[in-house]
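What follows is the residue order along each chain.
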Amino acid sequence: MKYVSTRGTAPALDFEGVTLAGLASDGGLYVPEAWPRFSTEEIAALAGLPYAQLAQKIMQPFVGDSLTPERLLELTTKAYGRFAHAAVTPLKQFDERQWLLELFHGPTLAFKDVALQLLGLLFEEFLSRRDDHLTIVGATSGDTGSAAIDAVAGRAKVDIFMLHPDGRVSDVQRRQMTTVLSDNVYNIAIDGSFDDAQAMVKRMFNDASVTGQFGIAAVNSINWARLMAQVVYYFAAALQLGAPHRKVAFSVPTGNFGDVFAGYVAAQMGLPIERLIVATNINDILHRALSTGDYSAGTVTPTAAPSMDIQVSSNFERLLFDAAGRDAALIAQQMKTFDATKVLQLTNAQREAAAGLFTSARADADQMVAAQRWAFEATGEVIDPHTAIALHAARAAQGLPADVPVVTLATAHPAKFGDAVESAIGLRPELPARVGDLFEREERFERLPGEYDAVKAYVTARATPRHG
Ligand SMILES: *Cc1c(COP(=O)(O)O)cnc(C)c1O
């Protein structure tokens with residue numbers, strides 16, 4: 001399988017190449033040159049497989065020659081063996097129509113673990129074949145940082161430097177990062193906002209005095225391997241609900257458009273998905289883009305669902321590319337305009353193509369709390385604020401055929417956002433036993449000023465050079 005850039009001028013790479021590269025050299029994102037497709041019979045034959053086996057079968061066409069089927073199965077077995085639920089992503093029923101897909105049974109309590117546990121193993125596998133070393137540099141508002149650190153802590157040939165905004169992540173989120181004391185993990189608390197941290201990371205990716213010496217890598221969802229791993233649970237849920245003989249809808253709490261794009265990929269592969277509902281909080285750039293064609297960034301307003309407090313959705317570029325008939329020149333032009341003006345107008349063709357599968361909805365703080373209360377009062381389920389936004393959208397969805405089940409993706413464990421849950425339903429969710437001693441563990445992190453030169457000096461003094 002070859003991968004091409006959405007902006008058309010970066011070299012095509014194989015799976016190993018895109019996993020280690022992250023962003024394409026022309027600024028675009030890598031996508032498979034064609035979507036692999038499963039027949040109805042092939043999909044029916046996947047029903048009932050254990051998760052790790054299903055994952056190998058779904059991912060093999062994307063991985064191609066980079067891993068044998070036997071080796072890929074060993075890696076999926078190892079990655080998903082660390083989940084606390086034997087089903088990995090268990091499905092629960094709210095009522096005759098509404099379902100909940102729990103994606104938070106990994107080590108750091110958010111769905112990011114599903115992809116990052118595998119990505120950590122893929123990095124190690126591919127680096128062991130070459131004389132090379134990766135330096136992961138990332139900025140996090142909480143969930144990506146802890147999941148990425150857990151996935152690569154103690155692994156050979158990888159360092160990770162994770163920037164978080166000092167004092168602006170929850171205590172649970174911070175401790176999940178700073179109590180990992182492995183030698184290859186560097187936590188940095190930046191005096192500034194998440195956007196400041198993110199801007200410094202982007203600058204480092206484009207700083208030749210850093211990239212000439214170090215193999216700088218990305219772990220956010222611009223990395224194709226992350227999206228690929230997330231395709232699996234759409235199949236897992238739909239198969240349990242009767243696919244391929246019955247259609248299913250999904251409601252997805254969306255920030256960077258990674259998770260819901262994995263649903264789009266599942267549909268391209270032949271999974272009969274009736275609809276993908278893109279649920280946003282009041283930071284609603286995606287709702288505006290999908291409902292009116294206006295993709296224009298405003299300023300971020302902090303909410304109780306911080307992992308969705310985002311105004312630029314990197315992975316939306318992958319949908320724009322496909323929806324434009326893979327016209328890379330058009331995408332390069334649209335993204336150039338967006339970078340300069342923060343405004344992008346979808347073409348009619350892009351709008352129509354997106355409307356074939358996607359609808360969108362926006363939930364404000366009251367609607368989010370109302371969804372948490374409904375789940376608790378009607379069914380006894382305690383859900384986190386991100387999940388609540390998608391549940392609101394699932395229950396408000398119009399025009400779905402009566403026999404189509406609607407699956408809400410539960411992206412975080414409620415205890416990760418204990419304060420918000422307690423203020424919504426009056427009950428404080430307990431941290432699961434596997435992270436229960438989080439508040440007794442020693443923390444280690446460095447505080448740095450929000451200045452690029454200070455961060456660059458810290459990273460370059462500690463990272464291992466590429467061929468070192
Ligand atoms: C990252 C995250 C999201 C948003 O996912 P995207 O792939 O960025 O759209 C939603 N909920 C939680 C809890 C998250 O951590």
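Residues numbered from 1 in each chain as written. Predicted model: local features only at pLDDT ≥ 70, side-chain atom pairs only at ≥ 80, totals over all residues. Heavy atoms only, no water.

- An unreviewed UniProt entry annotates the protein as Threonine synthase of Novosphingobium nitrogenifigens DSM 19370.
- Its UniProt record gives the protein a comment under Catalytic activity (unreviewed entry), which states: "O-phospho-L-homoserine + H2O = L-threonine + phosphate".
- Its UniProt record gives the protein a comment under Cofactor (unreviewed entry), which states: "pyridoxal 5'-phosphate". (UniProt positions renumbered as here; feature names shortened; annotations may be inferred.)

A look at the side chain of Ser146
- Structurally, the position occupied by Ser146 is in helix 6 (residues 143-152).
- Among residues more than four places away in sequence, those in contact with Ser146 are Thr108, Gln176, Met177 and Lys416. (Helix = DSSP H or I, 4+ residues; strand = E, 2+ residues; numbered from the N terminus. Contact = heavy atoms within 4.5 Å.)

Focus: the pattern of salt bridges
- Scanning the model with the defined rule gives 25 salt bridges in all.
- As a salt-bridge pair, Glu125 and Arg129 come within 3.7 Å of each other at their nearest N and O atoms.
- We classify Glu125 as buried; its relative accessible area is 13%.
- Exposure remark for Arg129: the relative accessible area of 42% places this residue in the partly exposed category.
- The shortest N-O distance in the salt bridge between Asp166 and Arg447 comes to 2.8 Å. Of the two residues, Asp166 sits in the loop between strand 6 (158-165) and helix 7 (171-178) while Arg447 sits in strand 15 (residues 446-449), which places them 281 residues apart along the sequence. (Salt bridge = Lys/Arg side-chain N within 4 Å of Asp/Glu carboxyl O. Buried < 20%, exposed > 50% of the residue type's maximum accessible area, 1.4 Å probe, protein only.)

Concerning the nonpolar core
- Of all hydrophobic cores here, the largest spans 109 residues; its most connected members are Phe235, Phe250 and Phe358.
- When residues of this core are assigned to their parent elements, the largest contribution, 14 residues, is made by helix 10 (residues 224-240).
- Leave out the neighbours within four places in its chain, and Phe358 touches Phe257, Val260, Tyr264, Leu276, Val278, Leu290 and Leu319.
- Listed in part, the 25 residues of the second largest apolar core include Phe104, Ala279, Ala394 and Ala410. (Core = buried A, V, L, I, M, F, W, Y, C linked by side-chain atoms within 4.5 Å.)

Quick notes on the sheet that holds strand 7 (residues 185-191)
- An order of 8-5-6-7-15 is seen for the five strands of this open sheet, with the pairing classed as parallel. The open sheet has two edge strands, strand 8 (215-217) and strand 15, and neither has a second partner. The mean angle between the axes of side-by-side strands here comes to 30°, regardless of whether they run parallel or antiparallel.
- In the packing of helix 6 onto the sheet, contacts are made with strand 5 (134-139), strand 6 and strand 7, and the angle to strand 6 comes to roughly 160°.
- Here helix 7 sits on the sheet in contact with strand 6 and strand 7, set at roughly 155° to strand 6. (Pairing = 2+ DSSP bridges. Axes fitted to C-alpha atoms, helices over the stretch in contact; angles between N-to-C directions.)

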